[in-house]
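Descriptive structure summary
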Amino acid sequence: MEGPYPFVAMELLQGITLEQLLMQGPSLTYNQKWELLRQMLEILTILHKTNVIHRDVRPGNMLIQIDGVGNSVKLFLIDFAFSVGLWPNHLPDLPYLLTHPQYLVDLGGANYKPDQLKWDDAYSFYRSALMIDSNYENLFPELWNQLFSSINKIIYSHQ
Ligand SMILES: Nc1ncnc2c1ncn2[C@@H]1O[C@H](COP(=O)(O)OP(=O)(O)O)[C@@H](O)[C@H]1O
Ligand SMILES: [Mg+2]
């Protein structure tokens, strides 16, 4: 956090983004769709427990590994560049963002946030999941309801 360019380091992953997978990958099986939704909820639970709001959850920021043999899938959330933390995990907005409102308007992508200056990772996962299958609600109602009921619980708004 010191110095002009705070950074987050993470391990180098093999895999492709969910965005790439949806554009050019093999179509996902029923089990893989279930796994992806389950893992989205798992990641969301960690974010909510730690009071971290990622703010840029969308298919381009999810890396997927598909195991060629068992066809199992593993989902990783990447790109924490714009995440903020609420008490007690204090991680404020970067100063340059506060003086450049246009970056904030663009951050997260209009389709994946509830409002221009409001971020809700649960909402973003919900919108991302719909890109995988618009019928998720009927395929896996229990998981879907869990995700849906997490919306609007932990949000970050910019005044
Ligand atoms: N931990 C990682 N392991 C492997 N590839 C990564 C990792 N983090 C990012 N990438 C690759 O780099 C691209 C850009 O990274 P990202 O952190 O999303 O930055 P930005 O979107 O701000 O350019 C990703 O789409 C992904 O292809
Ligand atoms: Mg990114």
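These numbers were taken from a predicted model, which means no experiment stands behind them.

Some thoughts on the coordination of the magnesium ion (ligand 2)
Within the protein, the magnesium ion (ligand 2) binds to N61 (OD1) and D79 (OD); these donor distances fall in the range 2.1 Å. Of the two residues, N61 is situated in the loop between β2 (52-53) and β3 (62-66) and D79 in the loop between β4 (73-77) and β5 (84-85); the sequence distance between them amounts to 18 residues. Looking at N61, the relative accessible area reads 5%, which means it is buried.

What to know about the pairing of β3
Bridging between strand β1 (residues 16-17) and β3 involves two bridges; their strand directions are antiparallel. Each residue of the ladder has a partner; that of T17, found in β3, is L63. One ladder, built from five bridges, connects β3 with β4; its direction is antiparallel. Within the sheet, the bridge partner assigned to L63 lies in β4 and is F76. Adjacent in sequence and paired antiparallel, β3 and β4 are bridged by six residues, among which N71 carries a positive phi angle near 65°.

Observations regarding the site of ligand 1
Near ligand 1 you find M10, E11, L12, L13, T17, G60, N61, L63, I78 and D79, and these make up its full shell. With respect to ligand 1, the backbone of E11 contributes an N or O atom lying 2.9 Å from a nitrogen atom. The contact in question runs from an oxygen atom of ligand 1 to an N or O atom on the side chain of D79, over 2.9 Å. Contact with the protein chains covers 52% of the free accessible surface of ligand 1, which is 540 Å². Here the residues of the shell around ligand 1 are counted per class, giving five nonpolar, three polar and two charged.

Comments concerning the side chain of D93
Checked against the element boundaries, D93 lands in the loop between β5 and α3 (95-98). Look at D93 and you get buried, because its relative accessible area is 8%. Within the structure, the side chain of D93 is placed 2.5 Å from the side chain of R55, a separation counted as a polar contact. When neighbours within four sequence positions are excluded, D93 is seen to be in contact with R55, V84, L98, L104 and Y156.

What about the packing of aromatic side chains?
Two aromatic rings are characterised by how far apart their centres lie and by the angle between their planes. Throughout the structure, instances matching the rule amount to eight aromatic pairs. Here Y96 and Y103 contribute two aromatic rings whose centre-to-centre distance is 6.0 Å and whose plane-to-plane angle is 75°, an arrangement assigned as edge-to-face. Aromatic side chains W119 and Y156 sit 6.1 Å apart centroid to centroid with 45° between the ring planes, which places their arrangement in the tilted category. Pair noted here: W119 is in strand β6 (residues 118-119) and Y156 is in strand β7 (residues 156-157), with a separation of 37 residues, a long-range link. Summarising the burial analysis for this pair, W119 and Y156 share the class buried. Taken together, the ring pairs connect Y30, Y123, Y126, Y136, F140, W144 and F148 into an aromatic cluster.

Points about the layout of surface pockets
Quantified by volume, the largest pocket comes out at close to 340 Å³. Forming the walls of the largest pocket are 18 residues, and the residues nearest its centre are P6, V8, F80, A81 and L94. When its residues are assigned to classes, the lining of the largest pocket shows 15 nonpolar, one polar and two charged. Volume-wise, the second largest pocket comes out at about 210 Å³. Around the second largest pocket, the lining residues are R38, Q39, E42, I43, I46, L47, K74, L75, F76, L77 and F80. Mapped onto the lining of the second largest pocket, the elements with two or more residues apiece are α2 (30-49) and β4. For the lining of the second largest pocket, the element with the highest residue contribution is α2, accounting for six residues. A breakdown of the residues in the lining of the second largest pocket according to their chemical character gives seven nonpolar, one polar and three charged.

Definitions and limits used
- Residues numbered from 1 in each chain as written.
- Chains lettered and ligands numbered in written order.
- Predicted model: local features only at pLDDT ≥ 70, side-chain atom pairs only at ≥ 80, totals over all residues.
- Heavy atoms only, no water.
- Donors = N, O, S within 2.8 Å, 3.2 Å for Na, K, Ca; no water.
- Helix = DSSP H or I, 4+ residues; strand = E, 2+ residues; numbered from the N terminus.
- Buried < 20%, exposed > 50% of the residue type's maximum accessible area, 1.4 Å probe, protein only.
- Pairing = 2+ DSSP bridges.
- Near = heavy atom within 4 Å.
- Polar contact = N/O pair within 3.5 Å; in protein donor to acceptor, adjacent residues only side chain to side chain.
- Areas by Shrake-Rupley, 256 points an atom, 1.4 Å probe, with all protein chains shown as cover.
- Nonpolar A, V, L, I, M, F, W, Y, C, P; charged D, E, K, R; others polar.
- Contact = heavy atoms within 4.5 Å.
- Phe/Tyr/Trp six-rings, centres within 6.5 Å; stacked < 30°, edge-to-face > 60°.
- 1 Å grid on protein atoms, 1.4 Å probe; cavity = no way out; pocket = protein on both sides within 12 Å on 5 of 7 lines; lining within 4 Å.
- Points joined across faces, edges and corners; volume = space filled by probe spheres on them.

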